[in-house]
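Listed here are the chains, written in short residue letters.
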Amino acid sequence: MDQETRVTLESNGTKAFQRPGAMKRLRIALVYNAYTTSLPEQPEDRSGSADLMTMVRHIARTLRRLGHTVTVLPLAHDLFRFQRKLRRLQPDVVFNLYDDVVHGALYDMRLAALVRMMGFPMTGSPALALGLTRYKFMSASLLTGAGVSIPPNTAILETVRSVDQHHWQFPIIVQPSQEHAGIGLDRASIVHSKNALRLRVREILRTYNQPALAQRFLPGREFNVGIIGGNRLRVLPLAEVDYSALPTDIPPIMSYAAKWVETSTEYQKTSIICPAEVEPELAHHISDLALRAFRAVGGRGYGRVDMRLDELGQPFVLEVNCNPCLDEGMGLARSAQKAGLSFPQLLQTIVRAALEPLPYDLDIPMIGNAKHSEASAKDGMQKPIEGKLGR
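Calculation criteria
- Residues numbered from 1 in each chain as written.
- Predicted model: local features only at pLDDT ≥ 70, side-chain atom pairs only at ≥ 80, totals over all residues.
- Heavy atoms only, no water.
- Helix = DSSP H or I, 4+ residues; strand = E, 2+ residues; numbered from the N terminus.
- Buried < 20%, exposed > 50% of the residue type's maximum accessible area, 1.4 Å probe, protein only.
- Contact = heavy atoms within 4.5 Å.
- Areas by Shrake-Rupley, 256 points an atom, 1.4 Å probe, with all protein chains shown as cover.
- pLDDT = per-residue confidence, 0-100.
- Pairing = 2+ DSSP bridges.
- Axes fitted to C-alpha atoms, helices over the stretch in contact; angles between N-to-C directions.
- Core = buried A, V, L, I, M, F, W, Y, C linked by side-chain atoms within 4.5 Å.
- Parallel < 35°, antiparallel > 145°, perpendicular 65-115°, else oblique.
- Arc of directions from axis to C-beta.
- Polar contact = N/O pair within 3.5 Å; in protein donor to acceptor, adjacent residues only side chain to side chain.

### Quick word on the overall build of the protein
Right, on to step 1. The secondary structure content of the protein amounts to twelve helices and 15 strands.
Right, on to step 2. For the protein, buried positions account for 48% of its 391 residues.
Right, on to step 3. Taking as baseline every contact in the protein between residues at least 6 positions apart, the subset at least 24 positions apart corresponds to 70%.
Right, on to step 4. With the model as given, the accessible surface of the protein reaches about 20,000 Å², and the carbon-plus-sulfur share is 53%.

### Here we look at the confidence of the model for the protein
Right, on to step 1. Averaged over the protein, the pLDDT score is 86; the fraction of residues at 70 or greater is 84%.
Right, on to step 2. Here residues 1-21 is modelled with pLDDT under 50, and outside its nearest four sequence neighbours on either side it reaches 31 contacts, counting other chains as well.

### Some points on the sheet that holds strand β7 (residues 172-176)
Right, on to step 1. Pairing in this open sheet of four strands is antiparallel, and the strands run β6-β9-β7-β8 from one edge to the other. Whereas interior strands pair on both sides, the edge strands pair on one side only; in this sheet they are β6 (155-157) and β8 (190-191).
Right, on to step 2. Here β7 runs beside β8; their pairing, made up of two bridges, is antiparallel. Pairing of isoleucine 172 across the sheet is with valine 191, part of β8.
Right, on to step 3. Most of the contacts of helix α6 (residues 194-208) go to β7, to which it runs at about 10°, and overall it touches β6, β7, β8 and β9 (212-216).

### Thoughts on the nonpolar core
If you look at soluble globular proteins, the nonpolar side chains tend to sit buried side by side.
Right, on to step 1. Membership of the largest hydrophobic core comes to 45 residues, with the highest contact counts inside it found for Phe82, Leu86, Leu143, Val305, Met307, Val317 and Val320.
Right, on to step 2. Formed by 29 residues, the second largest nonpolar core is a distinct cluster that contains Leu30, Leu236, Leu347 and Ala354.

### Re the pairing of strand β15 (residues 315-322)
Right, on to step 1. Where burial is concerned, most of β15 is hidden: seven out of the eight residues are buried.
Right, on to step 2. In this structure, the hairpin formed by strand β14 (residues 301-309) and β15 is closed by a connection of five residues, where glycine 313 is found at a positive phi of approximately 85°.

### A closer look at the sheet that holds strand β5 (residues 93-96)
Right, on to step 1. Spatially, β4-β3-β5 is the arrangement adopted by the three strands of the open sheet, whose pairing is parallel. Of all the strands in the sheet, just β4 (69-75) and β5 have a single pairing partner and so form its edges. Each strand axis lies, on average, 25° off the axis of its neighbour in the sheet, ignoring direction.
Right, on to step 2. Across the sheet, helix α1 (residues 49-65) touches β3 (27-33), β4 and β5, and the angle it forms with β3 is around 175°.

### Re the packing of α1 against helix α11 (residues 343-355)
Right, on to step 1. It is at 10 Å that the axes of α1 and α11 come closest, and there the two elements cross at 85°. With respect to their mutual orientation, α1 and α11 come out roughly perpendicular. Here His58, Ile59, Thr62 and Leu63 of α1 come into contact with α11, specifically with Phe343, Pro344, Leu347 and Val351.

### Structural notes on helix α3 (residues 107-117)
Right, on to step 1. Of all the residues in α3, the buried ones are Asp108, Leu111, Ala112, Leu114 and Val115. Looking straight down α3, one finds its buried side chains confined to an arc of 160°; they lie on one side.
Right, on to step 2. On its buried side, α3 packs onto β3, β4, α2 (79-89), β5 and α4 (127-134).
Right, on to step 3. Directly after α3, the chain includes glycine 119, whose backbone phi takes a positive value near 90°.

### Some points on the side chain of serine 125
Right, on to step 1. Mapped onto the fold, serine 125 is located in the loop between α3 and α4.
Right, on to step 2. According to the relative accessible area criterion, serine 125 is buried, its value standing at 0%.
Right, on to step 3. Looking at serine 125, its side chain comes within polar contact range of the main-chain nitrogen of arginine 300, at 3.0 Å.
Right, on to step 4. With near-sequence residues (within four places) excluded, serine 125 lies in contact with Leu130, Phe294, Gly299, Arg300, Cys322 and Asn323.

### Some details on the pairing of β7
Right, on to step 1. Among the five residues of β7, five are classified as buried, and the element is accordingly described as predominantly covered.
Right, on to step 2. In the sheet, β7 pairs with β9 via five bridges, with the strands oriented antiparallel. Residue valine 174 lies in a different strand from β9, and its bridge partner there is alanine 214.

### A word on the environment of phenylalanine 294
Right, on to step 1. Mapped onto the elements of the fold, phenylalanine 294 is located in helix α9 (residues 280-296).
Right, on to step 2. When the C-alpha positions of phenylalanine 294 and alanine 129 are compared, they lie 9.0 Å apart, and in sequence the two are 165 residues distant.
Right, on to step 3. Beyond its immediate chain neighbours, meaning those up to four positions away, phenylalanine 294 contacts Ser125, Ile227, Leu233, Gly299, Arg300, Tyr302, Gly303, Val305, Val320 and Cys322.

### A closer look at unusual backbone geometry
Right, on to step 1. Put simply, phenylalanine 170 and proline 171 share a cis peptide bond, and its omega is 5°.
Right, on to step 2. Tracing the sequence through the fold places proline 171 in the loop between β6 and β7.
Right, on to step 3. We note that asparagine 153 has phi near 65°; this positive angle belongs to a residue other than glycine.
Right, on to step 4. Inspection of the secondary structure assignment puts asparagine 153 in the loop between α5 (136-145) and β6.
Right, on to step 5. Residue asparagine 323 is not a glycine yet carries a positive backbone phi of 55°.
Right, on to step 6. Mapped onto the secondary structure, asparagine 323 falls in the loop between β15 and α10 (331-338).
Right, on to step 7. The exposure class of asparagine 323 is buried, given its relative accessible area of 17%.

Here's what the structure looks like:
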């Protein structure tokens, strides 16, 4: 350990490593989704509650070793009780790890809105960005308006009959329009005819109770672009998804099985190359496109933009992921490591971004929170609101 590093011993016996200029000690509330269904979890599924809790505990330990005081705060059914606990804790920052686990649920957006209305700084993206990116067609429409390229034939299909209202360029990839983490993507997600598309749309409507999103399937290389930062964003080294080892009868897509089911062929035969070997001009184009897409949806703190190349080698944005998984050694953390950021440094960067003032934003807590209301009033940021909003 170098001489500039200072080591302190916390009350619980863990060591806190700090360097000159390090962030002051903060009270952090680490929030996660504690809701569980009655369905049994498969041990080979890495998206289950056991793996979630392993990640939550690891992030909490890492933040404590950075010198912060961390309280893990689960949220399942009782939002009012959660609100009372958060008010009592009076955290300096809410570290938001909340992620929906029920098909069609959009509570991650509402949780972020509640925290913001209480006046607490929060890691990651705000409620609007979380909501926009969960409504995939709305997000795609926004990106198109911002001049960001998305796959051709992008359409939302609310009924089976709506398939006949479009002219398709097959193959088409079809998935639920309000899910994430590969949910609803499997070996049958790429279709080659209208009849197959109708069958797939019918299945999505019945299974997920939401419209289907259809897009032309692009055959080129696939990239994940990690982004971190607050008012100044930074693109991390590009990661490429390598499908070359997959059998020819399995479509080269990042399906649910490829992401999470470790016993599946998709999981075992799909790998990530990071940093990706990309010619400089294409790398610059991909990075610029990712930044434009992330900014367009209002992303903040940390995120990942997934994109794919077409037959001509041109990149198109598939999806903007706000608040992606923070497992050490995987995904965003892996790209950060290639950029020279250790996992503790990545978490510290995410917390720092949460403390930066939001541009063009008024900090006016709307839900009773004495400490933050008084602080805002002293700073001249909050005044009594009367009239239509009441008192």
